[in-house]
Amino acid sequence: MTDINFQYPIFGSEIKCPHCRQVIQALTLTDTYLCPRHGAFEANPNTQELVHLQSGRHWKLWEDKWYRQHSHPDGIRFEIHEALDMLYTEGYRATKVIIAQRYYPLISSYLEKGNNWQGNQETKTYKLYGLPVEFSHQSNDEPYWDIVNFILEKEKGAPSRYPYFRLFE
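These numbers come from a predicted model, not from an experiment. (Residues numbered from 1 in each chain as written. Predicted model: local features only at pLDDT ≥ 70, side-chain atom pairs only at ≥ 80, totals over all residues. Heavy atoms only, no water.)

1. Some details on the nonpolar core
Now for step 1: Of all hydrophobic cores here, the largest spans 21 residues; its most connected members are Ile80, Val97, Ile99 and Val133.
Now for step 2: Elements with a contribution of two residues or more to this core: helix H1 (73-89), strand S8 (92-99), strand S10 (126-128), strand S11 (131-135) and strand S12 (150-156).
Now for step 3: Filtering out sequence-adjacent residues up to four positions away, Val133 remains in contact with Val97, Ile99, Leu111, Tyr126, Lys127 and Leu128.
Now for step 4: Residues Phe11, Ala26, Tyr33 and Trp59 belong to the second largest nonpolar core, which totals 13 residues. (Core = buried A, V, L, I, M, F, W, Y, C linked by side-chain atoms within 4.5 Å. Buried < 20%, exposed > 50% of the residue type's maximum accessible area, 1.4 Å probe, protein only. Helix = DSSP H or I, 4+ residues; strand = E, 2+ residues; numbered from the N terminus. Contact = heavy atoms within 4.5 Å.)

Written out as structure tokens, the structure is:
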């Protein structure tokens, strides 16, 4: 008797599309999922990634949510900007951005340098869209940061000024 799970890709018989969050079906006996709106996604069992075949974008799953794995600084900056807009519409303001350490080489040259830039690395202050930026600690104990791109620290209330409008300065 054949196990039915071997007929589907690594994420099962259905997943949520990383773009539109609509439930999409796996194609039997393949590593592919097909979204009627966004096309085919291929599951890579070796890397545990989902690859959008048309664009080549890579996604990883963490706690039932897809996270795009960026290869260009504008992608991560745009994603952060979208999250800031979402916070604003929900009545929150961001107080800090914590970005996964793996993106430091990709995005560090695009960050604003704060006042205390002289001296050692620990006192250097980065900013993005007017907000302080920190990078996650590199730790093998936290697989979270191998998948998740960033988190926003937030508090209730609208920003005193809306600093996020400078998307691609």
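Here the narrative resumes, following the displayed structure.
2. Section: the sheet that holds strand S1 (residues 14-16)
Now for step 1: The strand order across the open sheet formed by 7 strands is S1-S2-S3-S4-S5-S6-S7, and the pairing between neighbours is antiparallel. Across the chains shown, the open sheet's two edge strands, defined by having one partner strand only, are S1 and strand S7 (65-69). Neighbour-to-neighbour, the strand axes of this sheet turn through a mean angle of 35 degrees, independent of strand direction.
Now for step 2: Pairing of strand S2 (residues 23-26) with strand S3 (residues 32-35), which is carried by 2 bridges, proceeds in the antiparallel orientation. Residue Ala26 lies in a different strand from S3, and its bridge partner there is Tyr33. (Pairing = 2+ DSSP bridges. Axes fitted to C-alpha atoms, helices over the stretch in contact; angles between N-to-C directions.)

3. A short note on the pattern of salt bridges
Now for step 1: Within this structure, the stated rule accounts for 4 salt bridges.
Now for step 2: The partner of Asp74 in a salt bridge is Arg77, with the nearest N and O atoms 3.1 Å apart. Here Asp74 and its partner Arg77 are both found in helix H1, 3 residues apart, which amounts to about one turn of the helix.
Now for step 3: Residue Arg77 is classed as buried on the basis of its relative accessible area of 5%.
Now for step 4: A salt bridge links Glu153 to Lys96, with the shortest nitrogen-to-oxygen separation between them at 3.8 Å. Placement of Glu153 in strand S12 and of Lys96 in strand S8 is noted, with a sequence separation of 57 residues between them.
Now for step 5: Salt bridges linked by common partners bring Lys96, Glu134 and Glu153 together as one network. (Salt bridge = Lys/Arg side-chain N within 4 Å of Asp/Glu carboxyl O.)

4. Quick look at the side chain of Thr32
Now for step 1: Relative to the helices and strands, Thr32 resides in strand S3.
Now for step 2: Note on Thr32: relative accessible area 13%, which makes it buried.
Now for step 3: Look past the residues within four positions of Thr32 in its chain and what remains in contact with it is Pro9, Gln25, Ala26, Leu27, Ala40, Phe41 and Glu42.

5. A word on the sheet that holds S11
Now for step 1: Ordered in space as S9-S10-S11-S8-S12, the 5 strands form an open sheet in which the pairing is mixed. Whereas interior strands pair on both sides, the edge strands pair on one side only; in this sheet they are strand S9 (112-113) and S12.
Now for step 2: Bridge count between S10 and S11: 3 bridges; the pairing is antiparallel. Looking at the pairing, Lys127 lines up with Pro132 of S11.
Now for step 3: This element, H1, spans S8, S10, S11 and S12 of the sheet and lies at about 20 degrees to S12.

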